[in-house]
Amino acid sequence: MSLSRPPSSTLASDAPAAEEALDARVTFTASGPLGLRVRGRGKELHWFEDGESLFFSVPLRGLKTGISMRDFAMHDLLGTLRFPTVELRVPRAGIHAAKGKGSAMGTAKGTLTLRGKNAPVEVAYDIKRNGDTLAVTGCLRVPVDTWGISLPHHMGFGLKSEVAVKVVFSVPAEPFLL
C-alpha cells in the first residue's frame, strides 16, 4: 500500500512515497527497579529508500501500553502533537543483505529523530529472505534523556532512561536490498 511520505524534518522533501511495512510489530520496554516494566506496542511502520539510505517512520500516537492514562502521559512526554513520528535513517552501506533464501545479521549505525532532535543509534538487525519477501527484525536501545525526555519517578521509584525497542516487519526484497 503506497502512502505519502511521512512528515519529517529529516526526510528529504523530494524523497519517494513511503510504503507501509507488512505485518509490522513495534514493541518497547522501559524497565525500573524491583521488576518494574512498562511495555507497549504499535502496528504501523512506514519505510522508503533513496538509493543511499533506508528510512523508517513510526507514528507515535499508534503506540499503546494498554492503560489509557499511561498512554496519555506517554504521548505527552513524547510531544506527539508537535512531533507525530519517530524516524530512523540507516545508510545502506551499513546493512549486509540476505542473499537467495539466506539470512543476514549484524549491527548498523543510524540516526534516530525523536522530538525534532537527531542522535546516533546502533541497530542490531536480522534479515531473513524468503523468495521475494524479507522478514526483518531490528532492535535498539534508546536513551530517551538524549532527546530531553525525563521519565517520571514516584516515591523514589522510576524507569531507567534507556528504553528497549524491537521492530518486526516484512517488506518486498526489492527495492529494500537493491
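Residues numbered from 1 in each chain as written. Predicted model: local features only at pLDDT ≥ 70, side-chain atom pairs only at ≥ 80, totals over all residues. Heavy atoms only, no water.

> I'm lost on the overall build of the chain in this one. Help?
Broken down by element type, the chain carries 2 helices and 13 strands. Evaluated residue by residue, the chain yields a buried proportion of 43% over its 178 residues. Sequence separation of 24 or more characterises 57% of the internal contacts of the chain that already satisfy a separation of 6 or more. With an accessible surface of roughly 10,100 Å², the chain has 56% of that area assigned to carbon and sulfur atoms. (Helix = DSSP H or I, 4+ residues; strand = E, 2+ residues; numbered from the N terminus. Buried < 20%, exposed > 50% of the residue type's maximum accessible area, 1.4 Å probe, protein only. Contact = heavy atoms within 4.5 Å. Areas by Shrake-Rupley, 256 points an atom, 1.4 Å probe, with all protein chains shown as cover.)

> How should I be thinking about the nonpolar core in this particular structure?
A general feature of soluble globular proteins is that nonpolar side chains tend to end up buried together. Formed by 42 residues in total, the largest nonpolar core has its most connected members in L45, F56, W147 and F169. Going through the elements one at a time, β3 (22–31), β6 (53–59), α1 (68–78), β7 (85–91), β8 (103–114), β9 (117–130), β10 (133–143) and β13 (162–172) are the ones with two or more residues in this core. (Core = buried A, V, L, I, M, F, W, Y, C linked by side-chain atoms within 4.5 Å.)

> Hey, could you run me through the pattern of salt bridges in this one?
Any two side chains of opposite charge can pair if their charged atoms end up close together. This model, assessed by the stated rule, comprises 4 salt bridges. For E49, the salt bridge is made with R92, and the minimal N-O distance between the two is 3.2 Å. Residue E49 is located in strand β5 (residues 46–49), and its partner R92 is located in the loop between β7 and β8; the two are separated by 43 residues in the primary sequence. Comparing E49 with R92 shows no difference in burial state: the two are buried. Notably, a salt bridge pairs D126 with K128, separated by 2.6 Å at the nearest N-O pair. (Salt bridge = Lys/Arg side-chain N within 4 Å of Asp/Glu carboxyl O.)

> Please explain the packing of aromatic side chains as it appears in this structure.
Aromatic ring pairs are described here by two measures, namely the spacing of the ring centres and the angle between the planes. Tallying each qualifying case throughout the model produces 2 aromatic pairs. Taking 4.7 Å as the distance between ring centres and 10° as the angle between the ring planes, the aromatic pair formed by F48 and F55 counts as stacked. F55 shares its class with F48; the two are buried. Pairing F56 with F169 gives two aromatic rings, centres 5.7 Å apart and planes at 55°, and the pair type is tilted. In this pair, F56 sits in strand β6 while F169 sits in strand β13, placing the two residues 113 residues apart along the sequence. By relative accessible area, F56 is classed as buried at 13%. Residue classification places F169 among the buried residues on the basis of a relative accessible area of 5%. (Phe/Tyr/Trp six-rings, centres within 6.5 Å; stacked < 30°, edge-to-face > 60°.)

> Would you mind showing me how to read the side chain of T80 here?
Along the polypeptide, T80 turns up in the loop between α1 and β7. Only 3.1 Å separates the side chain of T80 from the side chain of R61, close enough to count as a polar contact. Leaving out residues up to four positions away in the same chain, T80 has contacts with L60, R61 and H75. (Polar contact = N/O pair within 3.5 Å; in protein donor to acceptor, adjacent residues only side chain to side chain.)

> Help me understand the side chain of D126 in this model?
Considering the arrangement of structural elements, one finds D126 in strand β9. Given a relative accessible area of 18%, D126 falls into the buried group. There is a polar contact of 2.6 Å between the side chain of D126 and the side chain of K128. Residues in contact with D126, not counting those within four places in the same chain, are S103, A104, M105, A135, V136 and T137.

> Got a minute to help me understand the pairing of β3 in this structure?
The side chains of a regular strand alternate between both faces of the sheet. Bridge count between β3 and β13: 7 bridges; the pairing is antiparallel. Pairing of T27 across the sheet is with K166, part of β13. Inspection of the sheet shows β3 paired to strand β4 (residues 37–42) by 6 bridges, in the antiparallel sense. What sits directly across from S31, in β4, is R37. (Pairing = 2+ DSSP bridges.)

> What should I look at first to understand α1 in this one?
For α1, the complete set of buried residues consists of D71, M74, H75 and L78. Projected down its long axis, α1 carries its buried residues within an arc of 95°, all on one side. Exposed residues pointing more than 90 degrees away from the buried face of α1 are listed as M69, F72 and D76. Lining the buried residues of α1 we find β3 and β8. (Arc of directions from axis to C-beta.)

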